[in-house]
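# Descriptive structure summary
Each chain is listed here by its residues.
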Amino acid sequence: MSTLSLFLPPFASDYTGAASALFELDCLVAINDGSCCTSNFASYDEPRWQSMRKQTLCTNLRMKDTVFGIDERIVEQLGEAARELDAHRIVVLGTPVPAVIGTDMAGLAAELEDATGIPSFGIDTTGFSTYESGIDKAFDLVLELAKHADAPDCGESFVNILGATPLDFGTDSARMLSSLFEQEGIAIGAQAFMGIDEASLGALRCASCNIAISYAGISAAQKIEQEFGTPYLACSFTTSQETRATLDLVRRIMNGAQPVRHEPTRATSGRRILIVGDQVIGNSLRNAIRRQPGLTNVTIHVASFFGLHRRHEENGDTSLSSESHLARLLKEGGYDVVVGDPLLLRMPMLDEGRFVSLVHPAVSSRLYRGQEPRAGSRDLDDKAKAVSDIVARL
Amino acid sequence: MGEEITKNSLAFHTGHNLHAKNTVRIPESHTLHVGPAACARRHAIKAFENHDAANVSHLAVSEEDLAAGSYEDRIIEAVATLNETLPAKPRLYFICLKCVDDLIGTDGEAMVETLEKAFPEQRFAITRIDPIMLSDTRSPSEQNKATHYRFIEPNQPHDNGVTLIGSYTDIPTDCELRDVLASWNMGPIRRILDCKTYADYQDLGKSRIAIMASPMGMRAAKELSSIADMPCRKAPLGYSPQAAARFYGELAELCGKPRPANLAQWKAAAESALETAAVAAAEFEFAVDSSASLQSFMLAKTMLEHGFKVSCITTKGVTELEREAYDWIVENAPDVRIVRTHSYQALTKDGYGLNENLIAIGSDFARMIGAKRSVDLWHDEGVFAFQGIFKLCRMIEEAAR
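First things first, this report covers the structure right here in the doc. (Residues numbered from 1 in each chain as written. Chains lettered and ligands numbered in written order. Predicted model: local features only at pLDDT ≥ 70, side-chain atom pairs only at ≥ 80, totals over all residues. Heavy atoms only, no water.)

## Considerations on the interface of chain B and chain A
Tallying the contact residues gives 62 residues for chain B and 65 residues for chain A. Where chain B abuts chain A, roughly 5200 Å² becomes buried across the two surfaces, and 60% of that area is made up of carbon and sulfur atoms. Taken as a group, B:Leu10, B:His13 and B:Arg41 account for 15% of the area that chain B buries against chain A, more than any other trio of residues on that side. Where chain B meets chain A, there are two salt bridges. B:Glu49 is the salt-bridge partner of A:Arg366, the closest N and O atoms lying 2.7 Å from each other. Where chain B meets chain A, there are 22 residue pairs in polar contact (both at pLDDT 80 or more). For the side of chain B that touches chain A, the element with the highest residue contribution is helix H1 (residues 37-49) of chain B, accounting for eleven residues. Where strand E1 (residues 3-5) of chain A meets strand E2 (residues 56-60) of chain B, three bridges bridge the pair, whose relative direction is antiparallel. Looking at E2(B), one finds that A:Thr3 is bridged to B:Ala60. (Contact = heavy atoms within 4.5 Å. Buried area = accessible area lost by both parts, 1.4 Å probe. Salt bridge = Lys/Arg side-chain N within 4 Å of Asp/Glu carboxyl O. Polar contact = N/O pair within 3.5 Å; in protein donor to acceptor, adjacent residues only side chain to side chain. Helix = DSSP H or I, 4+ residues; strand = E, 2+ residues; numbered from the N terminus. Pairing = 2+ DSSP bridges.)

## A word on the sheet that holds strand E13 (residues 373-375) of chain B
Sheets are built from strands paired through backbone hydrogen bonds, the pairs being either parallel or antiparallel. Residues and elements named next belong to chain B. Read across the open sheet, the five strands follow the order E11-E10-E9-E12-E13; overall the sheet is parallel. A single partner strand is all that each edge strand has here, and the edge strands are strand E11 (337-340) and E13. The average angle at which neighbouring strand axes cross in this sheet is 20°, direction not considered. Bridging between strand E9 (residues 285-288) and strand E12 (residues 359-361) involves three bridges; their strand directions are parallel. Within E12, the residue paired with alanine 287 across the bridge is alanine 360. Packing of helix H12 (residues 296-305) onto the sheet brings it into contact with E9, strand E10 (309-315), E11 and E12, and relative to E10 it is tilted by some 175°. Contacts from helix H15 (residues 385-400) reach E9, E12 and E13 within the one sheet, and its direction differs from that of E13 by about 170°. (Axes fitted to C-alpha atoms, helices over the stretch in contact; angles between N-to-C directions.)

## Re the pairing of strand E6 (residues 159-162) of chain A
All names here are of chain A. Alternating positions in E6 separate into two faces, Val159 and Ile161 on one and Asn160 and Leu162 on the other, with burial throughout. Sheet topology places E6 next to strand E7 (residues 188-192); three bridges connect them, and they run parallel. Residue leucine 162 lies in a different strand from E7, and its bridge partner there is alanine 192. Between E6 and its parallel partner E7, the chain crosses via helix H8 (residues 173-184), and the hand of that crossover is right-handed. The pairing of E6 with strand E8 (residues 209-212) spans four bridges and is parallel. Opposite asparagine 160, over in E8, you have asparagine 210 as the bridge partner. (Buried < 20%, exposed > 50% of the residue type's maximum accessible area, 1.4 Å probe, protein only. Right-handed = clockwise from strand over helix to strand, strands pointing away.)

## Quick notes on the pattern of salt bridges
Going through the model one piece at a time under the given rule, you end up with 41 salt bridges over all chains. Residues A:Glu225 and A:Arg311 are paired through a salt bridge, measuring 3.0 Å at the closest nitrogen-oxygen approach. Pair noted here: A:Glu225 is in helix H9 (residues 215-228) and A:Arg311 is in the loop between strand E11 (298-304) and strand E12 (318-319), with a separation of 86 residues, a long-range link. Its relative accessible area of 54% is what places A:Arg311 among the exposed residues. Where B:Glu121 meets B:Lys89, a salt bridge forms, and the shortest distance between an N and an O atom there is 3.5 Å. Taken as a pair, B:Glu121 in the loop between helix H5 (108-118) and strand E4 (123-129) and B:Lys89 in the loop between helix H3 (72-85) and strand E3 (92-98) lie far apart in primary sequence, 32 residues in all. Using a relative accessible area of 66% as the deciding quantity, one classes B:Glu121 as exposed.

And the structure:
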């Protein structure tokens, strides 16, 4: 069903999510599009583009390709480019035009592999879905690669970080998480999808514990849990108390305990707060707000345009389908304070005096670059305090 | 685009962070982007950056809508919602369709008719951002520029104004064109980007002449000429002193005015500036990028004629406008490498195989090939006629220092 947006931009798309997830791996990624889709990714949604020269190409799709067939030209041209660029694997991502004409991305990849002898993969992203869906599809490939990657020394106890993407977090996050865990004496195996490399891929299959720092991270962690039985925790490491509580739990899990954590008290009355953003970041902030002095008796809901995992939901949390859905929720929810991307403030029902900004790059792209929450920092402590201050004034 | 220089069209995007792009906004108009959500994202973000977000909205169509073969009803519903919600009812709507629309083949004129029937107080136009339709005969961006002039009322009385078409930037304040026009009592210079009110927009049709400042304005010039009975002259191309002198001669004739008294001196000074810059940069080779100049072959030809060592030109293809310059280069400078703009070859171990110590005309290309020296020129913006030649020469000398 079509949806109209008056106040918010269209969000980061699935092919952006997939390209972002594969960005630091040794892949020649081809976005199968006319040029706008690649431009969306390179210019608007991938901050690493300016500092890391990666093999992400645009196929320059033209109408004649859709008439005479895309496969032959792409196989020929990508084969030539892959040889010249010494590519070890090729990944082709779908966009709206291939989706509408029904291009078989897996079939295209198979043809490519036959012609070049280079392992090739097709991901059926469409541009009709949002970024977390693309990350999810790309992670299927990452996991497949991990299964065949050299195994690390699985005798050593370590954790993996899953779901770090520049569509949710600042690009400093990988460095900050590494530093945080090093200080705590906890080894990290792999950091997907910022800070990952080919050498650490194998670690994905044998950590003591996975830590999902975003919704996309939970999807990845659940796949690993299903495949290898690895337990996981969800925490975004953006608030001091959440970080402390999670690190303590990580240590216990590494020593064989079950991943059960004690959450702050949940209230269903008092002032009402809505956090609009990624589920894990939202949950972490919710817990941080609940730990603020005097805020035990507040109702806090998390709403996301990018899905909610049921296991991590609380009553009243909402998976948003559109801008008008959010408008309805704001109108009917009676919220006293709202936290979300600064662009939300364009919605007329929101009051700046009762709003706390939490940048979400999948919404606002590069508009607030440098202000994104950083995993491994205490960036959201100030947000929790800001919420507390507003509630105190009410 | 015409002839393909290299067959392999796989592209590497440099990202467009270096250059701010303006948005053309006709006062009291609203743009509704219609297509898969992903397709409008960059336009939405750009609208925020250009403080135009209040005039832009997005109708994200689903795969189901497309499978149904039409989304006309959805657009009508969206316009009705916008009319109710926006602080002021727009006078004009631009419905911007994307690549996928070319697959379902919407008849734009029929859609406009339907919309104007549903909303009789408002006018509509279809624009398209559909790079899959780029070809030698069709440039969506050029067509969209033409569409912006469609609502100008025909047969307005003419004044001494000059309407500038096809450029996102104004005539530079230090450009001799301003003095020439002032000496002829011609003015004001009008641009669509400067229009603050709908009346200002209508005034674009009152000018006595139009100047097409960039080849991107070709169709717009035709549209305006036919609506407003306004003769148009093309800006001089390729940083050629001869072309600049010819332009002023033609302009004088068109306006019924005497040629500028200093024309010969300006031409001689421009020739001299090019020769001086060539000497100053004698130790360097040059790469001329099509993102720097929309007439990269003409610019390269001018440089070669004045003693610069041009070793590379990038292009997406040879347009008819540039055919003569291309043929000249092929015949007279066969060693010049002609490569595809934004080719994946930039990522190969030796890049395009170019000397790192060259001067790139265009900072995007410089970044792409890792050139240490560059001239920051983008789409010929901020340069015009003789002023453009002098400015280019200054920038080259600076890059060579």
